[in-house]
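Listed below, chain by chain, are the residues.
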Amino acid sequence: MSGDRLAAVVSFVVGLYWFLQGLAYGYWIDMGPGPGFIPVLFGSLTVILSISLFLQTLRHKGATMSAGEVRTILLVSAAVGVTIFLMHILGAFTSLGLFLVAWLCLLEHYPLLAALKIAVPTILVAYLVFIVWLQVPFPKGFFGF
Amino acid sequence: MEIWNYLLLGFGQALQPVNVLFAFLGGLMGVIVGALPGLGSVAGVALLLPLTFKMNPATAIIMLAALYYGNMFGGSISAILINIPGDSPGVMTALDGNQLAKQGRAGQALFMAFSASFCGGLIGIIILTLMGPLLAFFGLKFGPPEFASLIVLALTSIGWLLGDNPVKGVIAGAVGLLLATIGVDMIQGQPRFTFGLVNLSAGVPFIPFVIGLFGLSQVLLMQAHSEEFAGKENPYQKLSLSSSFPTPADWARSAWTIVRSAFLGFYIGLLPGSGATTAAFLSYIAEKRLNRNPERLGKGAIEGVAASEAANNAASIGAFAPLLSLGIPGSGTTAILLGGLMMWGLTPGPLLFKEEPQFVWGLIASMYVGNLLVAITCILAIPFLVYVLKVPRSVLAPIIVVICLLGAYSVNNSVFDLWVMIFAGLLGYFMNRFSFPIPALVLSLVLGPRLQTSIRQSFMMSHGSALIFLNRPISLSLLLIAFILTLLPALSAWQKKRRSAPAAEATR
Amino acid sequence: MTKRLFSLVAVLMVLLIVAGCAGGGSQQATPEAKYPEKPITYVVPWGAGGGSDVMARMVVDIIQQNKFLPQPVVVVNKPGGSGAIGMNEVAQKKGDPYTIIGIVSGQISTPITTNAPVKASTFKPIAALALDEFFLLAKPDSQFKSLKDVVDYAKANPGKLTIGGTGTGSEDHMCTGLFQKAAGIKLEYIPFDGGGETISALLGGHVQLAWANPSECASQLKGGLVKVLGVMAPERLKAYPDIPTFREQGYDAVFRQIRAISGAPDMPDYAVKKIAEALKKVTETERWQKDYIEKNALTSQYLGPEEYAKAIAEAEKQYTEILTDLGLVKK
């Protein structure tokens, strides 16, 4: 499926959901617009436009994403997602450091030492700024930081 | 002439070495906090406030104010260099600023951003000096109906942000408005579209969303299209100040933009409950409308950077007018400043100007000093800042991810926001890849919540009559402008047709 | 490229699993006698600079200064959703002796209107520290000189009198509800986003009346930009002896905002006792009385765990009644 067609289908579903849910919330209540006012108004606009976009794709199919491309962006996001989970266990800064080292070694084929040379100062600076100076309460791991 | 004497009195205060020093230190901290994504001036001022309780109140407020406007300088740095807006007023700077950096003009973009920030701030301070208290009362005239009309005007202007395919543009804008409806409804107190997630009850967390939309999506782009980027490092300039100086043509294009945006930004900063972010967005739209080559904006036009930066600095100054003369905080940061002032036993309000002229005018005079010092420091730092571009892409990509995670978390100290960031990153990638205009989505996401609230407050004020939007002069004029501007393209098309019709007859 | 990415994700996953196993079960119970042996987290479910945040930082600073607890207390802001986000996070820390949370009246009322599972009574009550008051404001040149003028006008024009306040189902909204009930009138309550916007709307003439805490409107009051028609307190305030109460003017409406601290659900009793003792000492310091209570025109009132628990239960009952009258409780 082309990107445009996918966008048309997704925005149709989103628009329709917002429209119907907006009706349930109340489009016009107590002599004025209700909580569903904007959802109904712009939900229906989205539905109409998504149909028009779909019709456009019948004429020009538009660009598509290759399977490789989809895989790449999903895998990068997955790597970031796993790092987020790791934060709860190892603490934010340890997991971010591991993420940097793993990325540099595995994706960019940096030797471990070179990767450490980049990751350790980066994380150290981030730690000093965000924890020591600004005292942002990042998740801590069992090392206590 | 009275003002002149007061200002001299103020400078006597502001130029004391200790006050100059703290204006500089506050400004510098503001720049750093502003450049760090996620941490805005609210966090900076809140953090510094307890440390200032032991200081002399005038010195303390001079430092905190400097932190606030210094923050507006800093936001542009990360926006231009790595396409992550440091804070929400920096979003519009990223649009053109990062494009300029990609064209190898990062130095010039930064120079223009800082100069525009300085000029915007300066114009703001001059207006504040001359008629601040008066304007604060004028800002009060802006009630819910006026806000609703202003946002309607802004949204009709969205047409100019649409890009090549108008259908895609309007979809992006409409979806932005739909996303803006997520969260507990302000008027009815009813949760909407939260899918049972408590974390969505406050709405889509805006800054984490934008960090993903801009920052993470570009890392995805680098990875998915690595062959395009292979061997092509970011064009990076020689590390010198003179090569960062914008060209005369750049200045010529930006001069009026800066002045216009500063006035607009200052006025928006005055309005209750709207701050630097709204100012930057509206100035950018105005620039898009008024620019002779609007299609250049968003593709690396230096006046886009100037518009947004001049406006957000002027707005940060504008927010001081209601704070000092009415005791009303216009934004989160000024609310904290108000708390600080009360702690020191200074009560902002109409009496403050009479009872504590030394304090008020010392603060205003210090803004001239601090603004200049921060601008000079920032400009001198350009050669070092541009150094970021020397970092090879293979290293920069994972570091950007780390910065995105740190920044997105710091806004609300919430892990949930990190997932929002990833979602927005994927969305941003998709929108980029299939040319859906991101600015349209961001704009309606910013203005949407205020639109709904204002419309509904207006109807409550009028007990159900829509005439309230037409009965009030400011609201009516805003709606008329919106109406004319929407009709303008149709009108000019009709005129073209009419003009070409006789011509066609003549050739017949 | 894809292969390398797969290995990246795989390595991170393995780390996650290994760390998860190693990390599990590291929580041990703290012996009673030694408590507290690590820093206590004080969650403020509101943004930096707000009323709850100001109180939290003051409490923490006084504890530190006077060494009322052997370990520091760290303030963590978890803003959003009228307190719901921070409350949900603390609600998950069942039995944790090291997490406490700031509670104000809005956090008691919001769960009632949104029908949320986490309520203020979910948490273990520790202590209530202060009470905040509510002023009914009008512009100085307004036709209303007293509450009676307001009531007369409202009776002549039912539902036409506009009154601004912060948020829906909030303290300001409940004050409106109580006043309506006591006077037998109907007002048009218009919610705004924060105290600053509410007062702007009043000064700009967009609403005829507005609610504010004394600290929110101190500067406008001093500058003569607004006047107070009445205070919702049971008796006149020390800081504002000239302002009559609602009760004095013949309308039996009293409302005060609780400022309190609760612990994680099922927090052990020894922890509650230790912290409550420290907080009691805080409220007895001169700094607290002078720099916090007086400056913000609050009423100092320390309630220990049992009394505070009772106060919360009463408040939940009372609020449910008011909010039901206002039609805000969803069935």
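Scroll up to find the structure this text is about.
Just so you know, these numbers come straight off a predicted model, no measurement behind them. (Residues numbered from 1 in each chain as written. Chains lettered and ligands numbered in written order. Predicted model: local features only at pLDDT ≥ 70, side-chain atom pairs only at ≥ 80, totals over all residues. Heavy atoms only, no water.)

A few points about the packing of aromatic side chains
In step 1: In the structure shown here, the tally under the stated rule is 38 aromatic pairs over all chains.
In step 2: Aromatic side chains W28 of chain A and F459 of chain B sit 5.4 Å apart centroid to centroid with 80° between the ring planes, which places their arrangement in the edge-to-face category. In this pair, W28 of chain A sits in strand β1 (residues 28-29) while F459 of chain B sits in helix α20 (residues 438-461), so the two residues belong to two different chains.
In step 3: In this structure W28 of chain A comes out as partly exposed when scored by relative accessible area, which is 45%.
In step 4: When the centroid spacing of 5.6 Å and the interplanar angle of 5° are considered together, the rings of Y6 of chain B and W361 of chain B count as stacked. Separated by 355 residues along the polypeptide, Y6 of chain B in helix α1 (residues 2-14) and W361 of chain B in helix α17 (residues 357-385) bring together distant segments of the chain.
In step 5: Aromatic ring contacts, followed pair by pair, group Y17, W18 and Y25 of chain A together with F193 and F195 of chain B into a single cluster.
In step 6: For R5 of chain A, the ring lying beneath its charged end belongs to F54 of chain A, and the centroid distance is 5.5 Å.
In step 7: Note that K168 of chain B overlies the ring of F436 of chain B, its terminal NZ or CZ placed 5.1 Å from the centroid. (Phe/Tyr/Trp six-rings, centres within 6.5 Å; stacked < 30°, edge-to-face > 60°. Helix = DSSP H or I, 4+ residues; strand = E, 2+ residues; numbered from the N terminus. Buried < 20%, exposed > 50% of the residue type's maximum accessible area, 1.4 Å probe, protein only. Lys NZ or Arg CZ within 6 Å of the ring centre and 35° of its normal.)

With respect to the pattern of salt bridges
In step 1: Summed over the entire model, instances satisfying the criterion amount to 24 salt bridges over all chains.
In step 2: Here D185 of chain B and R456 of chain B are joined by a salt bridge, their closest N and O atoms 2.7 Å apart. In this pair, D185 of chain B sits in the loop between β1 (183-184) and β2 (191-192) while R456 of chain B sits in helix α20, placing the two residues 271 residues apart along the sequence. The pair D185 of chain B / R456 of chain B is uniform in exposure class, with both members buried.
In step 3: A salt bridge links R450 of chain B to E197 of chain C; the shortest N-O distance between them is 4.0 Å. (Salt bridge = Lys/Arg side-chain N within 4 Å of Asp/Glu carboxyl O.)

As for unusual backbone geometry
In step 1: In this model, Y35 of chain C is joined to P36 of chain C through a cis peptide bond whose omega is -10°.
In step 2: With respect to the helices, strands and loops of the structure, P36 of chain C is situated in the loop between α1 (2-23) and β1 (40-44).
In step 3: Residues other than glycine seldom take positive phi values, yet H109 of chain A does so here, at roughly 55°.
In step 4: Relative to the helices and strands, H109 of chain A resides in the loop between α4 (92-107) and α5 (112-133).
In step 5: Residue H109 of chain A is classed as exposed on the basis of its relative accessible area, which comes to 57%.
In step 6: For F195 of chain B, which is not a glycine, the phi torsion comes out positive at approximately 50°.
In step 7: The topology assignment puts F195 of chain B in the loop between β2 and α9 (206-224).

Observations regarding the interface of chain A and chain B
In step 1: With 66 residues of chain A in contact, the opposing surface of chain B contributes 59 residues.
In step 2: Carbon and sulfur atoms supply 81% of the area buried between chain A and chain B, which totals about 5,500 Å² over both sides.
In step 3: Summed over the shared surface of chain A and chain B, the number is two salt bridges.
In step 4: For E69 of chain A, the salt bridge identified is with R433 of chain B, shortest N-O distance 2.5 Å.
In step 5: One can count 13 residue pairs in polar contact (both at pLDDT 80 or more) joining chain A with chain B.
In step 6: Residue assignment for the side of chain A that touches chain B shows that the elements contributing at least two residues are α1 (3-25), β1, β2 (32-33), α2 (37-59), α3 (67-90), α4 and α5 of chain A.
In step 7: Class assignment of the residues belonging to the side of chain A that touches chain B gives a composition of 44 nonpolar, 18 polar and four charged. (Contact = heavy atoms within 4.5 Å. Buried area = accessible area lost by both parts, 1.4 Å probe. Polar contact = N/O pair within 3.5 Å; in protein donor to acceptor, adjacent residues only side chain to side chain. Nonpolar A, V, L, I, M, F, W, Y, C, P; charged D, E, K, R; others polar.)

Some words on the pairing of strand β2 (residues 73-77) of chain C
Residues and elements named next belong to chain C.
In step 1: In terms of burial, β2 is largely enclosed, as four of its five residues are buried.
In step 2: Pairing geometry for β1 and β2, over five bridges, is parallel. Paired with V43 across the strands is V76, a residue of β2.
In step 3: Regarding the hand of the β-α-β motif, the stretch spanning β1, helix α2 (residues 51-66) and β2 is right-handed. (Pairing = 2+ DSSP bridges. Right-handed = clockwise from strand over helix to strand, strands pointing away.)

A word on the state of the cysteines
Residue and element names in this part refer to chain B.
In step 1: Under the criterion given, the structure shown has zero disulfides over all chains.
In step 2: Residue C378 stays outside any disulfide, its sulfur separated by 13 Å from that of C119, the closest cysteine.
In step 3: Residue class for C378 comes out buried when judged on its relative accessible area of 5%. (Disulfide = S-S within 2.5 Å.)

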